[in-house]
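Working through the structure, step by step
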Amino acid sequence: MAMGKPKIRFKGYEDAWEQRKLGEIYGSIGNAFVGTATPYYVEQGHFYLESNNVKDGQINHNSEIFINDEFYEKQKDKWLHTGDVVMVQSGHVGHAAVIPKELNNTVAHALIMFRNPKEEIEPYFLNYEYQTDKVKKKIENITTGNTIKHILASDMQEFVVDVPKYEEQKVIASYFSHLDHLITLHQRKCEETKSLKKYMLQKMFPENGKCVPEIRFSGFSDAWEQRKLEEYLGVSKEKNRDESFGKDDVLSVSGEYGIVNQIEFQGRSFAGASVANYGVVEGGDVVYTKSPLKSNPYGIIKTNKGKTGIVSTLYAVYKPKNNVGAEFVQIYFELDSRMNSYMHPLVNKGAKNDMKVSDENALKGSVIFPKIDEQKAISKYFAQLDHLITLHQHKCDELQKLKKFMLQNMFV
């Protein structure tokens, strides 16, 4: 049945799309093995494709299960071949993926299998159509179950999809495959740079008991000095007494993003009726938050790289002295283990899990810093890493937005 046309289309394609039942497209729509294969699980053997391997149109290998030869051969009539499509039928219902060449002759568990197409169909086209909001909603409407959602293979036999001619299917699938490739590329680059940063946070700072780091820039040979943090930072007493800063200027401290505007970051202000007793934080000031985070039970230390603002009394604000770079202080404490081991001896936790430590006492611990020139070199290097991480993450986010927009506009 002729249906309609998408809003955005590649040049040269004008025919209306048709509505087709999946049962008309595939010769076989049925369940993969359902039940327990526990006695057949082995440490190394044949890959066993399960529902938790299928998400967002792709097959991931985050968790892998293998089965022995005997069980594998018993399932021969249900082997999946290159180009077949599988769909999650319980839990994350509707997530689908295409079987790639490297998984030809794969055995699956608790998935709906679409096999033996009766006509030319581009499986990756259908795979992307399943990711559109329209199809997701249609699948949701045929699910059963209150706690755990479920769909039946028989329901998918009657499920209607909108399809263009085969050539247009291939062009659309190729376009989205290219987008996915770029998204994966930038995600990988982002994760690789994060891993490099974590490695360098360990190697470019001295280990306990040592006074020089394992990795160092050329031209620096002096031993690092162990001193109290109070020799590098001083407590700021500046308060918002005249209320020149309002609730729009309240700052928060994020483990991942550093010091951020509370409204811009969290969508609202959590300030009290008055902000007159809030501490003023200028650019280059160092802030310690006396609130526990998942990876930092004793709080975190960050440097304000943005506009001047104010923070509640749950935060301590410090002014860097002439012998230290504010950015270096944040980098030094970015490694969770270093931050936690520094604060642990100084902090007592209250009944409400808050930090019982004065602004002054939080500076009583020992740190090991190099001279200011080496601090600057280290800070510059990590600023470059942060820039690359932000760049790849931003590119990834933009591509995700583009993909979402195109999914809604390149399908009927």
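All of the points below concern the structure found in this document.

Here is what the cut-offs are and how they apply
Residues numbered from 1 in each chain as written. Predicted model: local features only at pLDDT ≥ 70, side-chain atom pairs only at ≥ 80, totals over all residues. Heavy atoms only, no water. Phe/Tyr/Trp six-rings, centres within 6.5 Å; stacked < 30°, edge-to-face > 60°. Lys NZ or Arg CZ within 6 Å of the ring centre and 35° of its normal. Helix = DSSP H or I, 4+ residues; strand = E, 2+ residues; numbered from the N terminus. Buried < 20%, exposed > 50% of the residue type's maximum accessible area, 1.4 Å probe, protein only. Contact = heavy atoms within 4.5 Å. Pairing = 2+ DSSP bridges. Salt bridge = Lys/Arg side-chain N within 4 Å of Asp/Glu carboxyl O. 1 Å grid on protein atoms, 1.4 Å probe; cavity = no way out; pocket = protein on both sides within 12 Å on 5 of 7 lines; lining within 4 Å. Points joined across faces, edges and corners; volume = space filled by probe spheres on them. Nonpolar A, V, L, I, M, F, W, Y, C, P; charged D, E, K, R; others polar.

Description of the packing of aromatic side chains
All chains considered together, the criterion is met by 28 aromatic pairs. Through pairs of rings, three or more aromatic residues link up here, namely F205, F217, W224, Y232, F328, Y332, F333, Y342, F369, Y381 and F382. Against the face of F205 rests R338, its NZ or CZ located 4.5 Å from the ring centre. In this structure, R338 packs its charged tip against the face of Y332, placed 5.2 Å from the ring centre.

Here we look at the environment of Q408
Structurally, Q408 can be placed in helix α10 (residues 372-409). You can call Q408 partly exposed: its relative accessible area is 31%. Sequence-wise, Q408 and P6 are 402 residues apart; in three dimensions their C-alpha atoms are separated by 8.9 Å. Apart from residues lying up to four places away in sequence, Q408 is in contact with T132, D133 and K134.

Quick word on the pairing of strand β4 (residues 46-49)
Where β4 lies against strand β7 (residues 66-67), 2 bridges are found, and the strand directions are antiparallel. Residue F47 lies in a different strand from β7, and its bridge partner there is F66. Two elements, β4 and strand β10 (residues 107-108), share 2 bridges in a ladder whose sense is parallel. Bridge pairing in β10 links Y48 to V107.

Details of helix α9 (residues 336-343)
Those residues of α9 that sit buried are R338, M339, N340, Y342 and M343. Those residues of α9 that are buried lie in contact with α6 (166-203), β18 (286-289), β19 (300-303), α8 (326-332) and β24 (366-369).

Looking at the sheet that holds β4
By way of backbone hydrogen bonds, the strands of a sheet pair with one another, either parallel or antiparallel. Strand order in this open sheet of 4 strands is β3-β7-β4-β10, and the pairing throughout is mixed. Lying at the two open borders of the sheet, with one neighbouring strand each, are β3 (41-42) and β10.

Looking at the environment of N361
The residue N361 is located in the loop between β23 (355-356) and β24 in this model. A relative accessible area of 39% places N361 in the partly exposed class.

Here's the deal with the pattern of salt bridges
One pass over the full model with this rule turns up 24 salt bridges. Put simply, K21 and E158 hold a salt bridge, and the shortest N to O gap is 2.9 Å. With K21 in strand β1 (residues 18-21) and E158 in the loop between α5 (153-157) and β12 (160-163), this residue pair connects regions lying 137 residues apart in the sequence. What makes K21 partly exposed here is its relative accessible area of 34%. Taking the relative accessible area as the measure of exposure, E158 reaches 48% and is therefore partly exposed.

Brief notes about the side chain of E374
Looking at the secondary structure, you find E374 in helix α10. Here E374 falls in the buried class, since its relative accessible area comes to 5%.

Brief notes about the layout of surface pockets
Considering only enclosed or pocket space, the largest pocket measures out at about 1,100 Å³ in volume. If you trace the largest pocket, you find 30 residues lining it, with K197, G255, E256, Y257 and E334 closest to the centre. Mapped onto the lining of the largest pocket, the elements with two or more residues apiece are α6, β16 (258-261), β19, α9 and α10. At 6 residues, the largest contribution of residues to the lining of the largest pocket is made by α10. For the lining of the largest pocket, the per-class residue count stands at 9 nonpolar, 10 polar and 11 charged. Within this model, the second largest pocket holds a volume of roughly 870 Å³. Every residue lining the second largest pocket is counted, 32 residues in all, and those nearest its centre are K55, D56, G57, Q131 and K403. Of all the secondary structure elements, the ones that give two or more residues to the lining of the second largest pocket are β6 (58-59), α4 (133-141), α6 and α10. For the lining of the second largest pocket, the leading source of residues is α6, giving 6 residues. When its residues are assigned to classes, the lining of the second largest pocket shows 7 nonpolar, 14 polar and 11 charged.

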